[in-house]
Amino acid sequence: MDLKDFNAFIEVANHLSFTKAAEHTYMSQPSLSKSVKKLEEELNITLFNRSTRNLKLTDAGNIVYSQGQQILNLVAELPTLLEDLVEGVAGEIKIGMPPLIGTLFFPQIAKNLQSNYPNITIELHEHGAKVVEDLVDKGQIDAGIIVLPTDTEIFNVQPFISDKFFVFVHRDHPFATRDAVKLSDLKDEKLILFSKSFTLHRYIIGACKEVGFNPMISYESSQWDLIIELVAAKLGITLLPQSISEKFSNDQIKIVPLEEPPLLWKLGIVTKKDSYHSFALKKFMEMFHK
């Protein structure tokens, strides 16, 4: 069996369309059709149900798709295995993380890696946590830094940061003179939160509901610095991890500890279980055990 035929079949199965697969590969639609037909003849099975309007994998097709992905992944890992053998601790690792996590922590991570392993480079992929998990699961990136919890049956998890949430208010706000604020005290406040696509958005709303109220949201933004400016303009208050307070300076803002209950922003580094870890990736992961 030809690897080219497996590649063609996997691409068609991913798109469930010969036309769409041709648009996303270097192969023409006739070439894709020929490769899939050849694979069906060699295996003596039917891979796709072509009687419906849209292509569907047969039961046998599903098995070949699963095994075919593993075969192609093993072949793709071969250069990395040989590179490790020849060059030792060197090479490139692909790391994914949400933009907020990247802004707060990636510069220090890159600096530490450069100091300890100057021959290892990082290719950074910035996506939401769910996309990062999916990329790690598919083997398209080596590791991801995400908001926990996650599926420990699929991923190895190395805890990275456990960061407390604080209440960020304007210095004229009544909360500014307090030593601490309870989460339930925020029930009548206008909250400025990260956008709905952020895990933090869902986490804060869920925490508010657990203490008995639905939060009033005045603004949403994907940018933490804009959220701070909105608080400084007295348009609401916000809840943010303490790490953000180290990234800005605004004398209009007062940061007040949150208690009852304390909220934690837990981050972890995930890799796919039972997958090959290059020497470079192993050394990268070891940095977080120290």
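Please refer to the structure placed before this passage.
Basis of the calculations
Within every chain, residues take consecutive numbers counted from 1 along the sequence as written. Local features are withheld for residues below a pLDDT of 70 in this predicted model, meaning they are given only at 70 or higher, and side-chain atom pairs are given and counted only at 80 or more; totals for whole chains, interfaces and linings count all residues. Derived side-chain values reflect all non-hydrogen atoms in the structure, with water molecules and hydrogen atoms excluded from consideration. Numbering goes from the N terminus for both helices and strands, where a helix is a DSSP run of H or I of at least four residues and a strand is a run of E of at least two. Only C-alpha atoms enter the radius of gyration; for comparison, a globular chain is expected to reach 2.2 Å times N to the power 0.38, where N is the number of residues. Only protein chains enter the accessibility calculation, which uses a 1.4 Å probe. A residue is then buried if its area is under 20% of the maximum for its type, exposed if over 50%, and partly exposed in between. The Shrake-Rupley method, run with a 1.4 Å probe sphere, supplies the accessible areas, and residue values consider only the shown protein chains as cover. Counted charges follow a simple rule, with Lys and Arg positive, Asp and Glu negative, and His plus the chain ends left uncounted. To locate a charge, the coordinates of NZ of Lys, CZ of Arg, CG of Asp or CD of Glu are taken. It only takes one pair of heavy atoms within 4.5 Å for two residues to be counted as in contact. To define a nonpolar core, start from buried Ala, Val, Leu, Ile, Met, Phe, Trp, Tyr and Cys residues and group those joined through side-chain atoms within 4.5 Å. A pair of strands is labelled paired if DSSP reports no fewer than 2 bridges between them.

Asks: Tell me about the overall build of the protein chain, and please be specific about residues and values.
Replies: Looking only at helices and strands, the protein chain features ten helices and twelve strands. For 290 residues, the compact-globule estimate of 2.2 N^0.38 gives 19 Å, and the protein chain exceeds it by more than 25% at 25 Å. Considering the protein chain as a whole, with its 290 residues, one finds that 42% of them fall into the buried category. Summing over all exposed atoms, the protein chain offers an accessible surface of approximately 16,000 Å²; the carbon and sulfur share of this is 50%. Placing the 30 positive and 37 negative side-chain charges of the protein chain at their respective mean positions leaves the two points 4 Å apart.

Asks: Can you tell me about the environment of Thr-46, naming the residues and giving the values?
Replies: Following the sequence through the fold, Thr-46 ends up in the loop between helix H3 (29–43) and strand S1 (48–49). For the pair Thr-46 and Leu-135, spaced 89 residues apart in the sequence, the C-alpha separation amounts to 30 Å. Sequence-distant contacts of Thr-46, defined by excluding residues within four places in its chain, comprise Glu-40, Thr-58, Ala-60 and Gly-61.

Asks: Give a description of the nonpolar core that names residues and reports values.
Replies: Leu-100, Leu-186, Phe-194, Trp-265 and Phe-284 are the most contacted members of the largest nonpolar core, which totals 61 residues. If one sorts the elements of this core by residue count, helix H5 (residues 99–116) sits on top with seven residues. In contact with Trp-265, other than residues within four places in its own chain, are Leu-100, Ile-101, Leu-104, Phe-105, Val-147, Ile-161, Ser-162, Asp-163, Phe-165, Leu-200 and Pro-241. In this structure, Ala-8, Val-12, Met-27 and Leu-72 belong to the second largest nonpolar core, which totals 19 residues.

Asks: Explain the pairing of strand S5 (residues 143–147) residue by residue, including any values.
Replies: Of all five residues that make up S5, five are buried, and the element is covered over most of its length. Every second residue of S5 is oriented toward a common face, with Ala-143, Ile-145 and Val-147 on one face and Gly-144 and Ile-146 on the other, all of them buried. Across two bridges, the pairing between strand S3 (residues 91–97) and S5 is parallel. Looking at the pairing, Ile-95 lines up with Ala-143 of S5.

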